[in-house]
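Each chain, written out:
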Amino acid sequence: MLKEIVFEKLNSKYEITEENIGDCSDLSNKGMNFHTQSYEIKNLGHLCVMTMNAFFGIMKMETVVLTVNTRDVPLLNLDRIKVLGNETLLCELYDTQLSPYSSKALDRLKKVSERDFSIQDYVSSANGFSDTLIYPCSYRKKGKKATDRFTRAASDFFEIFVDELDSLSECDSNLKKQKNAEFANALYSKGGSAVNQVKKLFGDDIAKKLVVNYMYGIK
């Protein structure tokens, strides 16, 4: 769902090239199977798509990360998780800004969550590093039989994000890359539930490549 939404909106505007990440493209351990695709987007930044299934398909996850280096927009993480009949959708923006993000965009994004007020909020129990930088307008919901509403929410959220991105002139890409790198490296070093799990499964060397280099495009 998420990959299709993102590619549909970016393919017509940007040149997207998949990079070869070798053995890191498919990793498995303890019943958890990860498939990762890493892309460079010409004149924009980096895109990562990761899928995971575990325990014979009982748990499924799809993650999309868009790291923009040429426009001053937040770092974007999209996550869709299914465990048995329970679904979670996270459309999260993280503050890697050089200057304040548009209040108009923040208001538009917030309305996507407000529209789905009847769906239960997802509350993170990890209180990791990234939680200190997340924008309140982020969409974080969980529920049952919510697939269609989550698909609509992810599509609308990403469309608003791209609208704002397209309205901006280019920023200082070196400074923006530095801010994005600070986020990725701090996320890896300080950890969080997902990052810590990858470290335990595959060790520091592979985990750092997967999270810092391929997920966020920090070289």
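One can find the structure itself at the top, above this paragraph.
Here's what I pulled together on the structure shown here. All residue numbers refer to positions counted from 1 along the written sequence of the respective chain. Given that this is a predicted model, residues contribute local features only at a pLDDT of at least 70 and side-chain atom pairs are listed and counted only at 80 or more, while totals for whole chains, interfaces and linings are drawn from all residues. Side-chain descriptors were evaluated using all non-hydrogen atoms of the structure, hydrogens and water having been removed beforehand.

**So, the overall build of the chain**
Step number 1: Secondary structure is summarised from DSSP: a helix means a run of H or I of at least four residues, a strand means a run of E of at least two, and numbering begins at the N terminus for each. Helices and strands together make up the secondary structure of the chain, namely 5 helices and 8 strands.
Step number 2: Secondary structure elements of the chain occur, N-terminal to C-terminal, as α-β-β-β-β-β-β-β-α-β-α-α-α.
Step number 3: Computed over the C-alpha atoms, the radius of gyration of the chain is 17 Å, within 12% of the 17 Å expected from 2.2 N^0.38 for a compact globule of 219 residues.
Step number 4: A 1.4 Å probe rolled over the protein chains alone gives each residue an accessible area, and that area as a share of the maximum for its type sets the label: buried under 20%, exposed over 50%, partly exposed in between. Counting all 219 residues of the chain, 52% fall into the buried class.
Step number 5: In this description, contact between two residues means that some pair of their heavy atoms is separated by no more than 4.5 Å. The long-range share in the chain, meaning contacts at least 24 apart out of those at least 6 apart in sequence, stands at 61%.
Step number 6: Of the charged side chains in the chain, 30 are positive and 30 negative, and the gap between their average positions amounts to 5 Å. The globule rule used here is 2.2 Å times the number of residues to the 0.38 power, and the radius of gyration it is set against is calculated over C-alpha atoms. Positive residues here are Lys and Arg, negative ones are Asp and Glu, while His and the chain termini are left out of the count. By convention, the charge on Lys lies at NZ, on Arg at CZ, on Asp at CG and on Glu at CD.

**Focus: unusual backbone geometry**
Generally, phi is negative for residues other than glycine and the peptide bonds are trans, each holding for most cases.
Step number 1: For K30, which is not a glycine, the phi torsion comes out positive at approximately 55 degrees.
Step number 2: Along the chain, the position of K30 falls in the loop between β2 (26-29) and β3 (32-41).
Step number 3: Positive phi is not limited to glycine here, since N43 has a value of about 65 degrees.
Step number 4: Within the secondary structure, N43 is located in the loop between β3 and β4 (45-54).
Step number 5: Exposure remark for N43: the relative accessible area of 52% places this residue in the exposed category.

**Some remarks on a nonpolar patch on the surface**
Step number 1: A contiguous nonpolar patch, built from F55, F56, I58, V83 and L84 and spanning about 600 Å² of accessible area, is present on the exposed surface.
Step number 2: Tracing the sequence through the fold places I58 in the loop between β4 and β5 (59-68). In this scheme, patches are assembled from residues that exceed 30% relative accessible area and form no salt bridge. Like charges are connected within 9 Å, while nonpolar side chains (Val, Leu, Ile, Met, Phe, Trp, Tyr) are connected within 5 Å. Only the protein chains shown count as covering a residue, and every accessible area follows the Shrake-Rupley method with a 1.4 Å probe. A carboxyl oxygen of Asp or Glu within 4 Å of a side-chain nitrogen of Lys or Arg is what we treat as a salt bridge.

**Regarding helix α5 (residues 193-215)**
Step number 1: Over its 23 residues, α5 extends only 16 Å from the first C-alpha to the last, a length that falls short of the 33 Å expected when each residue adds 1.5 Å.
Step number 2: One axis is fitted to the seven residues ending at the residue and one to the seven starting there. The bend at that residue is the angle between these axes. At G203, α5 shows its largest bend, some 125 degrees.
Step number 3: Every buried residue of α5 is listed here: V195, V198, K199, L201, F202, A207, L210, V211, V212, Y214 and M215.
Step number 4: Lining the buried residues of α5 we find β1 (16-19), β2, β3, β4, β5 and α4 (173-190). A helix is expected to span 1.5 Å multiplied by its residue count minus one.

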